[in-house]
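Working through the structure, step by step
This is what each chain is made of:
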Amino acid sequence: MAEKKNNTKLPLRRRKKDSESPVVSGAVIKRLPRYYRYLRQLLAEDIRRISSGELSRMMNVTASQIRQDFNCFGGFGQQGYGYNVKYLYTKIGELLGVTSNLSAIILGAGNLGSALASSPIFERRGIRLMALFDSNPKLVGTMKYGFPVLGLAELEAYVKENNIDIGIITIPRDAAPEMAEKLANYGIRGLWNFTSRELDVTTYGVVTENVHLGDSLMTLCYKISDKNETEG
């Protein structure tokens, strides 16, 4: 059973960063936010210690996979003890940059950009959303959920003066490559791209994450159809 009271702090065992250290796979990195989300849930339930087996049943991931993932970073647990939930949550948060005080701007103050601005997703993950930018004169000078909407003419100076880390792109797809290039030249360190235009990290020299909402929806539709055919 998962325990609710234990303040034991375990030392973090990290692999040394040398030429022989294995590269962490993209699949492992993509699972880290899910671990972080479930650990936050455990803390909310006042659960302080958990085994890989108990965590595997919650997440529908094998205990072996969990241990392998955590071992990529040196391991966070102790044999016979399991994982200190608060400690593990904190360390995974550090790996995910939650404590790095990263800043972000949204390019495009339309429906999607406004929806993102209204979401608590940034605050919960330690990211400071600073402003939105748009070319529509009717939107420039307004506020969206407490954030100013600025004109594109102000973009370069704003990014440089405020040392913005992340550019979130929600503009029309045809304008995405040019905007990505500008942001990279202005010093942006990462792009979160919501357009249907795939942006290649090697083209702009900054970290890029392409988000395809339509792909996710179609994957869901496929699974529904496949399930219906199987049951039929």
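All values reported here derive from a predicted model rather than from experimental measurement.

**Things to note about the overall build of the protein chain**
Summing up its helical and strand segments, the protein chain has 10 helices and nine strands in all. The buried share among the 232 residues of the protein chain stands at 41%. Partitioning the contacts of the protein chain with sequence separation of at least 6, the portion at a separation of at least 24 is 62%.

**Remarks on unusual backbone geometry**
Notably, Asn101 is not glycine yet its phi reads approximately 55°, a positive angle. With respect to the element layout, Asn101 can be found in the loop between helix H4 (85-95) and strand E3 (103-107). We classify Asn101 as partly exposed; its relative accessible area is 45%. The backbone phi angle of Asn163 is positive, close to 50°, even though this residue is not glycine.

**What about helix H1 (residues 26-44)?**
The end-to-end C-alpha distance of H1, which contains 19 residues, comes to 29 Å, matching closely the 27 Å that a straight helix rising 1.5 Å per residue would cover. Turning to H1, its buried residues number three or more, namely Val28, Leu32, Tyr35, Tyr36, Tyr38, Leu39, Leu42 and Leu43. Its buried side turned inward, H1 meets strand E1 (49-50), helix H2 (52-59), helix H3 (63-71) and H4. Asp46 sits one or two positions beyond H1 and adopts a positive phi of about 65°.

**Comments concerning the pairing of strand E9 (residues 207-210)**
Regular strands show a simple pattern: their side chains alternate between the two faces of the sheet. Alternating positions in E9 separate cleanly, Thr208 and Asn210 being buried on one face and Val207 and Glu209 remaining unburied on the opposite face. In this structure, strand E8 (residues 190-193) lies alongside E9, joined through four bridges in parallel fashion. Paired with Trp192 across the strands is Glu209, a residue of E9.

Reading guide: rules and limits
- Residues numbered from 1 in each chain as written.
- Predicted model: local features only at pLDDT ≥ 70, side-chain atom pairs only at ≥ 80, totals over all residues.
- Heavy atoms only, no water.
- Helix = DSSP H or I, 4+ residues; strand = E, 2+ residues; numbered from the N terminus.
- Buried < 20%, exposed > 50% of the residue type's maximum accessible area, 1.4 Å probe, protein only.
- Contact = heavy atoms within 4.5 Å.
- Expected span 1.5 Å × (residues − 1).
- Pairing = 2+ DSSP bridges.

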